[in-house]
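Given next are the chains, with one letter for each unit.
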Amino acid sequence: MASAVALKKNYRCFQSLQQFYTGGPYAVASDASFIVCACDDTIKVVDSSNSAIRSTIEGDSEPVTALVLSPDDKFVFSSSHSRQIRVWEVSTLKCIRSWKGHEGPVMGMACHSSGGLLATAGADKKVQVWDVDGGFCTHYFKGHKGVVTSLMFHPDPNQLLIFSGGDDSTVRVWDLVKKKCIATLEKHQSTVTSIAISEDGWTLLTAGRDKVVNVWDLHDYSCKTTVLAYEALEAVCTFDAASPFSLCLSAFAQKNGKKISSSSVQFLTVGERGIVRIWNSDGAVCLFEQKSSDLAVSSEKEEVKRGFTSAMMLPLGQGLLCATADQQFLIYDLDKNVDDGLNLALRKRLIGYNEEIADMKFLGDEEQYLAVATSVEQIRVYDLASMSCSYILTGHSDVIPCIDTCVSASGKTLVVSGSKDNTVRLWEAQSQRCIGVGIGHMGAIGAVAFSKKNRNFCVSGSSDRTLKVWSFDGVSDDAGEASNLKAKAVVAAHDKDINSLAVSPDDSLVCSGSQDRTAAIWRLPDLVSVVVLKGHKRGIWSVEFSPVDHCVITASGDKTIKLWAISDGSCLKTFEGHTSSVMRASFITRGTQFVSCGADGLVKLWTVKTQECLVTYDQHEDKIWALAIGKKTEMLATGGVDAVVNLWHDSTAAEKEEAFRKEEDDVLKGQDLENAVLDRDYTRAVRLAFELRKPHKLFELFSEVIRKPNADIQIEKALRPFDKEEVRLLLEYVREWNTKPKLCHIAQFVLHRLFTILPPTDLVEMKGIGELLEGLIPYSQRHYTRIDRLQRSTYLLDYTLTGMSVIEPEANATEPRNNEDLGESAREEGEDYPEPKDASTRKRKTRKSQDKKQKKSKVAYVSTATISSPA
């Protein structure tokens, strides 16, 4: 039955979730279609709909400290720790201008609405304004006594004002016309983190880490009111009267019989608590406060809290974008809930950086979600369609190294996780909450596994070297608090940490793999030892039961994968091929094949019967910890230390169909080629032979064309439509022909026509042209040396034949022998020519000597042309 299963021959990586934001500056396009983010020393242009990286701007190997987009989204302005200010063109990703102006790192940037001026604020306590086109400084402002952290132009282009805030607790207003500071606002007691201006342009809001928002009147720069926020603030934002936020607030106020004054300013704040609050400047009233944070905020004991680091209103009323301390982008919409109250709905979550990925599993009945465990104390669940994080499961207090998923008998999607906080948690995916907690292990949980058949228990293995079987009896989905899971059985299983667990398809056995270099099989539910698998030379990282046969596969740090018989614990097969530790191995194709991944960053597809590695993929830059395989689709997901998640699908059928179509096309093109040759249509024949990748046929066509009288024209006509990539491939063919003396004359002819058609500038830009020329030049020099040697050899032949009087010397053939010939010819033409005195004597002697030579040798002079003509 297994033999009837079609084996997979290839997988294709069709989607990747890569890191695109490591914290720090970012900018949003004017239509919110993409986000420009700082990612270490590079700048990533990310699609805001699906987190896909559109392009990457390579920096100068220094972390990016500030960036901003031009109003028309055509240019990106950036600066790094190198203090170099650069202007990048978004379409070509090229740096079109750069300069250096500050004595310290640039900490903030702002671009004028006209796009012609760029303001920069630095750690050197200065604010400078630059002409974008010229790259020169137009304004140089000094006055701050600390690092300038926030900066903005007045939104009205007619008011040439710049507002800057720093860690000296002041906000300064700079006039570009007067070229001086016209106001210093001193009401904050700590760093000013954010500045905003109302829609009418006459109210300024400043927020700081002193937990207040100050509202200023720009007519006289007086402080109108102070709003107490009771949390360190990182951002303050205003919204337009026509925005959905403002309309929703107005409708809510009318519903409750309240009226919002037209002179008041509504704004929102975010900070260390990780919640969004909306305020009214009149009376400093909080209109809305988010009930709970969508972030995993750290405990009060820790010094640093994970909250929001910045926020901004998206253009065109597309919501609120908040950036978090753990490199996430949260996009919110404000709407009404069922009770006619306000509700801030999380529409999208974009994860900028996943850190090290420890484990992954597909989630849901249709496997449209992917649960990912990383180096944080939360499980992130991704929607595979949009590659955005749908939700997170929080509850653990330490890193989660292992997870498993299943669909229960009642149809609910369950997730079990093991953490370094020594607990096991059971989650219900639909309600996104924890429904059970298993407490009892004395060490970090290293492996968890669900029941495969009944799905009413799970098994956990820990660094305390014990196995525990947890029953789900008594766990209720409706309970408000998580139930305590009961341990049905416990056994001291290994001498070292347990790394991996697997439950058999019929729930009768469980296999455990450990750092003690052994794997053990236990009978459920009492955990009675069945057999111990010994043979690996290093710790075992992965174990799995075959879905059809009574065998187990194990992956080890000794670079091997072994297949074991459950009956007697004997090793049936050993698979070698990885160059480093094998971290995961999982069966596919009903147990006839398996996929493995390792610390060498490679993913390999194996066939069990032949022990053959069919294909190897190198899509990761570092160790691969996690491998997930969909039970229905058999889609693969891999992730590891490089924080990249790659999704793979089986491309065997698609490639087979593509190969069949290509074969059909090749047959038709082959027939067209034969017809073109018969019709003497060499231009079309050369093109078809090249498309069919038939270099031998191509050579024959060139050989035939060269014999034609108009060979140059026909060759040029055939080669001119070739693009750069096709020319490069043709040069590879020519390089091969040029290595053989019998074929070199054709190669040199084609090479000559190519160099005539293509200008040197195009040749230099061609990819790999240096390597091709290195292969062509030595053989060409050898051919020309050989031709030169042959030509010199012909001189010896000419000399020999001339000495044998077989051919007439070239001098006698080209020049008149004496004046006698000239005289005779002149007389024949009727002209007077003076005859020499001894002409009769010379004539007699010449005729006499010629007669003697004819009698002795009887050899007549013939011209060179006469000898060579029969040949």
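The shown structure was predicted, so the numbers you read here are calculated from the model rather than taken from an experiment. (Residues numbered from 1 in each chain as written. Predicted model: local features only at pLDDT ≥ 70, side-chain atom pairs only at ≥ 80, totals over all residues. Heavy atoms only, no water.)

## Some remarks on the overall build of the protein
Phase 1 of the analysis: What the protein contains, in helices and strands, is 13 helices and 57 strands.
Phase 2 of the analysis: In the protein, which comprises 871 residues, the proportion classed as buried is 49%.
Phase 3 of the analysis: Sequence separation of at least 24 residues holds for 46% of the intrachain contacts in the protein that already meet a minimum separation of 6.
Phase 4 of the analysis: If you sum the accessible surface of the protein, you get close to 42300 Å²; carbon and sulfur atoms cover 49% of it. (Helix = DSSP H or I, 4+ residues; strand = E, 2+ residues; numbered from the N terminus. Buried < 20%, exposed > 50% of the residue type's maximum accessible area, 1.4 Å probe, protein only. Contact = heavy atoms within 4.5 Å. Areas by Shrake-Rupley, 256 points an atom, 1.4 Å probe, with all protein chains shown as cover.)

## A word on the pairing of strand S19 (residues 203-208)
Phase 1 of the analysis: The buried count for S19 comes to six of six residues, which makes it a mostly enclosed element.
Phase 2 of the analysis: Here S19 shows no split at all, with Thr-203, Leu-205 and Ala-207 on one side and Leu-204, Thr-206 and Gly-208 on the other all buried.
Phase 3 of the analysis: Relative to S19, strand S18 (residues 192-197) is paired through five bridges, and the arrangement is antiparallel. When the sheet's bridge partners are listed, Ile-197 is paired in S19 with Leu-204.
Phase 4 of the analysis: Hairpin remark: S18 followed by S19, antiparallel, with five residues in the connecting loop; positive phi at Gly-201, about 85°.
Phase 5 of the analysis: As defined by bridge partners, S19 adjoins strand S20 (residues 212-217) across five bridges and the pair is classed as antiparallel. Note that in S20 the partner of Leu-204 across the bridge is Trp-216.
Phase 6 of the analysis: Hairpin connection from S19 to S20: three residues lie between these consecutive antiparallel strands, with Lys-211 at a positive phi of about 70°. (Pairing = 2+ DSSP bridges.)

## Considering the environment of Phe-587
Phase 1 of the analysis: Residue position: Phe-587 is located in strand S51 (residues 582-588).
Phase 2 of the analysis: By relative accessible area, which is 8% here, Phe-587 ends up buried.
Phase 3 of the analysis: Measuring from C-alpha to C-alpha, the distance between Phe-587 and Leu-605 comes to 10.0 Å, with 18 residues separating the pair along the chain.
Phase 4 of the analysis: Excluding residues within four positions of it along the chain, Phe-587 makes contact with Glu-544, Phe-545, Ser-546, Pro-547, Ile-553, Leu-563, Gln-593, Phe-594, Val-608 and Ile-629.

## Thoughts on the sheet that holds strand S21 (residues 222-228)
Through backbone hydrogen bonds, the strands of a sheet pair up, either in parallel or in antiparallel fashion.
Phase 1 of the analysis: Taken in spatial order, the four strands line up as S18-S19-S20-S21 in an open sheet, and their pairing is antiparallel. Of all the strands in the sheet, just S18 and S21 have a single pairing partner and so form its edges. Ignoring which end each strand starts from, the neighbouring axes of this sheet average 20° apart. (Axes fitted to C-alpha atoms, helices over the stretch in contact; angles between N-to-C directions.)

## Details of the sheet that holds strand S24 (residues 276-280)
Phase 1 of the analysis: The antiparallel open sheet is built from four strands, whose spatial order is S22-S23-S24-S25. Lying at the two open borders of the sheet, with one neighbouring strand each, are strand S22 (233-238) and strand S25 (285-289). Here the average twist between neighbouring strands, direction ignored, is 30°.
Phase 2 of the analysis: As paired elements, strand S23 (residues 266-271) and S24 share five bridges and run antiparallel to each other. The residue of S24 that forms the bridge with Thr-269 is Arg-277.

## Considerations on the confidence of the model for the protein
Phase 1 of the analysis: For the protein, the average pLDDT comes to 86, and 90% of its residues sit at 70 or higher.
Phase 2 of the analysis: Every residue in residues 297-304 scores below 50 in pLDDT, and together they form five contacts with partners more than four places removed in sequence or on other chains.
Phase 3 of the analysis: Counting interchain partners and residues more than four positions distant, the pLDDT-below-50 stretch residues 812-846 has 12 contacts. (pLDDT = per-residue confidence, 0-100.)

## With respect to the side chain of Gln-748
Phase 1 of the analysis: Counting through the fold element by element, Gln-748 comes out in helix H7 (residues 744-757).
Phase 2 of the analysis: Residue Gln-748 is classed as buried on the basis of its relative accessible area, which comes to 18%.
Phase 3 of the analysis: Among the polar contacts made by the side chain of Gln-748, one reaches the side chain of Asn-738 at a distance of 2.9 Å.
Phase 4 of the analysis: Setting aside its immediate chain neighbours within four residues, Gln-748 contacts Asn-738, Ser-780, His-783 and Tyr-784. (Polar contact = N/O pair within 3.5 Å; in protein donor to acceptor, adjacent residues only side chain to side chain.)

## A look at the packing of aromatic side chains
Phase 1 of the analysis: Evaluation of the coordinates by the stated rule reveals 17 aromatic pairs.
Phase 2 of the analysis: With centroids separated by 5.8 Å and ring planes inclined at 70°, the aromatic side chains of Phe-575 and Trp-606 adopt a geometry described as edge-to-face. A residue pair is termed long-range when its members are at least 10 positions apart, and Phe-575 in strand S50 (residues 571-576) and Trp-606 in strand S53 (residues 603-607) qualify at 31 residues. Each member of the pair, Phe-575 as well as Trp-606, is classed as buried.
Phase 3 of the analysis: Put simply, the rings of Phe-20, Tyr-21, Tyr-26 and Phe-329 touch in pairs and so form one group of aromatic residues.
Phase 4 of the analysis: The ring centre of Phe-690 lies 5.0 Å from the NZ or CZ of Arg-693, which sits over that ring. (Phe/Tyr/Trp six-rings, centres within 6.5 Å; stacked < 30°, edge-to-face > 60°. Lys NZ or Arg CZ within 6 Å of the ring centre and 35° of its normal.)

## So, a nonpolar patch on the surface
Phase 1 of the analysis: Together, Phe-755, Leu-773 and Ile-777 line one region of the surface with nonpolar side chains, adding up to about 240 Å² of accessible area.
Phase 2 of the analysis: Structurally, Leu-773 is set in helix H9 (residues 769-803). (Patch = residues over 30% accessible without salt bridge, like charges linked within 9 Å, V, L, I, M, F, W, Y side chains within 5 Å. Salt bridge = Lys/Arg side-chain N within 4 Å of Asp/Glu carboxyl O.)

## Quick look at the state of the cysteines
Phase 1 of the analysis: Counted by the stated rule, this structure contains zero disulfides.
Phase 2 of the analysis: Not part of a disulfide, Cys-237 finds its nearest cysteine sulfur in Cys-322, a span of 7.4 Å.
Phase 3 of the analysis: Accessibility expressed as a relative area gives 8% for Cys-237, which makes it buried. (Disulfide = S-S within 2.5 Å.)

## Considering the pattern of salt bridges
Two side chains with opposite charge may pair up if their charged atoms get near one another.
Phase 1 of the analysis: Evaluation of the coordinates by the stated rule reveals 23 salt bridges.
Phase 2 of the analysis: With its nearest N and O atoms 3.1 Å apart, the salt bridge here joins Glu-657 to Arg-661. You can see Glu-657 and its partner Arg-661 sitting in helix H2 (residues 652-678), four residues apart, about one turn around the helix.
Phase 3 of the analysis: Residue Glu-657 is classed as partly exposed on the basis of its relative accessible area, which comes to 48%.
Phase 4 of the analysis: A relative accessible area of 43% means that Arg-661 is categorised as partly exposed.
Phase 5 of the analysis: Taken together, the salt bridges that share partners define one network made up of Lys-669, Arg-687, Glu-691 and Glu-726.

## Things to note about the nonpolar core
Phase 1 of the analysis: Counting 40 residues, the largest nonpolar core has Leu-698, Phe-702, Leu-719, Leu-730 and Leu-731 as the members making the most contacts within it.
Phase 2 of the analysis: At the level of secondary structure, the elements contributing two or more residues to this core comprise H2, helix H3 (682-691), helix H4 (695-706), helix H5 (711-719), helix H6 (724-738), H7 and H9.
Phase 3 of the analysis: With 22 residues, the next largest nonpolar core counts Val-270, Phe-288, Phe-308 and Leu-320 among its residues. (Core = buried A, V, L, I, M, F, W, Y, C linked by side-chain atoms within 4.5 Å.)

## Observations regarding the environment of Leu-176
Phase 1 of the analysis: Note that Leu-176 resides in the loop between strand S16 (171-175) and strand S17 (180-185).
Phase 2 of the analysis: Along the sequence, Leu-176 and Gln-159 sit 17 residues apart, while their C-alpha atoms lie 8.9 Å from each other.
Phase 3 of the analysis: Ignoring sequence-local partners within four residues, the contact set of Leu-176 consists of Leu-117, Val-129, His-139, Phe-141, Phe-153, Leu-160 and Ile-162.

## What to know about H7
Phase 1 of the analysis: Between its first and last C-alpha, H7 extends 20 Å over 14 residues, near the 20 Å set by a 1.5 Å rise per residue.
Phase 2 of the analysis: Buried within H7 are the following residues: Cys-744, Ile-746, Ala-747, Gln-748, Phe-749, Val-750, Leu-751, Arg-753, Leu-754 and Ile-757.
Phase 3 of the analysis: Buried residues in H7 make contact with H4, H5, H6 and H9. (Expected span 1.5 Å × (residues − 1).)

## Comments concerning unusual backbone geometry
Phase 1 of the analysis: Cis geometry marks the peptide bond from Leu-524 to Pro-525, where omega comes out at 5°.
Phase 2 of the analysis: With respect to the helices, strands and loops of the structure, Pro-525 is situated in the loop between strand S45 (518-523) and strand S46 (528-534).
Phase 3 of the analysis: The phi angle at Lys-179 is positive, at roughly 60°, despite the residue not being glycine.
Phase 4 of the analysis: Phi is positive for Arg-517, which is not a glycine, with a value near 75°.

## Focus on the environment of Thr-42
Phase 1 of the analysis: Within the fold, Thr-42 resides in strand S4 (residues 42-47).
Phase 2 of the analysis: Under the relative-accessibility criterion, Thr-42 is labelled buried at 9%.
Phase 3 of the analysis: The sequence separation of Thr-42 and Phe-20 amounts to 22 residues, and the corresponding C-alpha distance is 9.1 Å.
Phase 4 of the analysis: If near-sequence neighbours (up to four positions away) are discounted, Thr-42 is found in contact with Cys-37, Thr-56, Ile-57, Glu-58, Gly-59 and Val-64.
Phase 5 of the analysis: Separated by 2.8 Å, the side chain of Thr-42 and the backbone oxygen of Cys-39 make a polar contact.

## With respect to H6
Phase 1 of the analysis: Taking 1.5 Å as the rise per residue, H6 with 15 residues should run 21 Å; its terminal C-alpha atoms sit 20 Å apart, in good agreement.
Phase 2 of the analysis: For H6, the set of buried residues is Glu-726, Val-727, Arg-728, Leu-729, Leu-730, Leu-731, Tyr-733, Val-734, Trp-737 and Asn-738.
Phase 3 of the analysis: For H6, the secondary structure elements touched by its buried residues are H3, H4, H5, H7 and H9.
Phase 4 of the analysis: N-cap assignment for H6: the residue whose side-chain oxygen lies 3.3 Å from the backbone N of Glu-725 is Asp-723.

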